[in-house]
Amino acid sequence: MMLHRVGYAPGVYDLFHVGHLNILRHARSQCDYLVAGVVSDEMAQLAKGRGPVVPLVERLEIVRSVRFVDAAFVETVPDKLETWRQVRFDVLFKGDDWRGTEKGRRLEERLAAVGVEVVYFPYTVHTSSTQLRRALDVLAGPAGAAGAAGAAAAPLNPPDAGAR
């Protein structure tokens, strides 16, 4: 009987970029079956202090479509042990910003108690959703959402004012 190693790669996956793709690619190379945990809007708000730009249903569809992902799961609880009870993974993949931290050590200890290994991956330094959000904020300028809302309401092909 062949045992399969199930991996779990949680993330918000907002403004999907090459860093997300790299994490999923590397994760899949270290397991036989990869489940991507897409963090709910509410959980992202709790964890990061702001909600995602891209709605959950769209983030889930994007992540499900990545060829390295075998299944996608909506993560609705902050406790990875509770998530493990629902998904039953053998290895959890995290960004290396957790390595050596108190929260990382607690995560490792709690998951080790049920036989789960925590594997850390480096972040893609030049790209992050936070950097992309900052760039979008700068591009939006002081008008922000009001300017964007007005632009969205404008017709795509306004009539030529000179033609009467």
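Worth saying up front: this structure is predicted, and the values here are computed from it rather than measured.

A.B. asks: What is the right way to read helix 3 (residues 56–64) from this model?
C.D. replies: In an α-helix, one full turn covers 3.6 residues, which means residues spaced three or four apart are oriented alike. When helix 3 is considered as a whole, its buried residues turn out to be L56, R59, L60 and V63. Mapping the buried residues of helix 3 onto a view down its axis gives an arc of 100 degrees, with all of them on the same face. Contacts from the buried residues of helix 3 go to strand 2 (33–39), helix 2 (41–48) and strand 3 (71–75).

A.B. asks: Any chance you could explain the nonpolar core here in plain terms?
C.D. replies: Note that soluble globular proteins tend to have their nonpolar side chains buried in a common cluster. In terms of nonpolar packing, the biggest core is built from 19 residues, with A9, Y13, L24, L34, V69 and F93 touching the most fellow members. Elements with a minimum of two residues in this core: helix 1 (18–28), strand 2, helix 3, strand 4 (91–95) and strand 5 (117–121). In contact with F93, other than residues within four places in its own chain, are G7, Y8, A9, P10, A27, Q30, C31, L34, V119 and F121. Formed by 15 residues, the second largest nonpolar core is a distinct cluster that contains L81, F89, L92 and V118.

A.B. asks: I'm lost on the sheet that holds strand 3 in this one. Help?
C.D. replies: Sheet strands line up and pair through hydrogen bonds in the backbone, either parallel or antiparallel. Spatially, 3-2-1-4-5 is the arrangement adopted by the five strands of the open sheet, whose pairing is parallel. Only two strands of the sheet have a single neighbouring strand rather than two, namely strand 3 and strand 5. Recorded for the sheet is a direction-independent mean angle of 30 degrees between the axes of neighbouring strands. Examined bridge by bridge, strand 4 and strand 5 share five bridges and lie parallel to one another. Looking at strand 5, one finds that V91 is bridged to E117. Strand contacts of helix 1: strand 1 (6–11), strand 2, strand 4 and strand 5, with the helix running at about 150 degrees to strand 2, the strand carrying the most contacts.

A.B. asks: Help me understand unusual backbone geometry, please; the structure alone is not making it clear to me.
C.D. replies: Peptide bonds are trans in most cases, and residues, glycine excluded, mostly fall at negative phi. With a phi angle near 55 degrees, Y13 is a residue other than glycine that sits in the positive phi range. As for its placement among the helices and strands, Y13 is situated in the loop between strand 1 and helix 1. Phi is positive for R88, close to 60 degrees, though the residue is something other than glycine. On the secondary structure map, R88 appears in the loop between helix 4 (80–87) and strand 4.

A.B. asks: I would appreciate a short explanation of the packing of aromatic side chains in the present structure.
C.D. replies: Aromatic rings considered in pairs are described by the distance between their centres and by the relative angle of their planes. This model, assessed by the stated rule, comprises four aromatic pairs. Ring centres of Y8 and F73 lie 6.4 Å apart, and the angle between their planes is 70 degrees; on these two criteria the pair is classed as edge-to-face. Of the two residues, Y8 is situated in strand 1 and F73 in strand 3; the sequence distance between them amounts to 65 residues. The interplanar angle of 10 degrees and the centroid separation of 4.8 Å between the aromatic rings of Y8 and F89 together place this pair among those described as stacked. One end of the pair, Y8, is in strand 1; the other, F89, is in the loop between helix 4 and strand 4, with 81 residues separating them in the sequence.

A.B. asks: So what exactly am I meant to see when it comes to the pattern of salt bridges here?
C.D. replies: Oppositely charged side chains may form a pair once their charged atoms are brought near each other. A complete count under the given rule lists eight salt bridges for this structure. Residue E117 is joined to R5 by a salt bridge in which the shortest nitrogen-to-oxygen separation is 3.1 Å. Here E117 is found in strand 5, whereas its partner R5 is found in the segment before strand 1, with 112 residues between them in sequence. The salt bridge partner of E102 is R106, with a shortest N-O separation of 3.7 Å. A residue pair is termed a helical-turn pair when its members lie 3 or 4 positions apart in one helix, as E102 and R106 do in helix 5 (residues 102–112) at four residues. Via salt bridges that share partners, E102, R105 and R106 belong to a single interconnected network.

Calculation criteria
- Residues numbered from 1 in each chain as written.
- Predicted model: local features only at pLDDT ≥ 70, side-chain atom pairs only at ≥ 80, totals over all residues.
- Heavy atoms only, no water.
- Buried < 20%, exposed > 50% of the residue type's maximum accessible area, 1.4 Å probe, protein only.
- Helix = DSSP H or I, 4+ residues; strand = E, 2+ residues; numbered from the N terminus.
- Arc of directions from axis to C-beta.
- Contact = heavy atoms within 4.5 Å.
- Core = buried A, V, L, I, M, F, W, Y, C linked by side-chain atoms within 4.5 Å.
- Pairing = 2+ DSSP bridges.
- Axes fitted to C-alpha atoms, helices over the stretch in contact; angles between N-to-C directions.
- Phe/Tyr/Trp six-rings, centres within 6.5 Å; stacked < 30°, edge-to-face > 60°.
- Salt bridge = Lys/Arg side-chain N within 4 Å of Asp/Glu carboxyl O.

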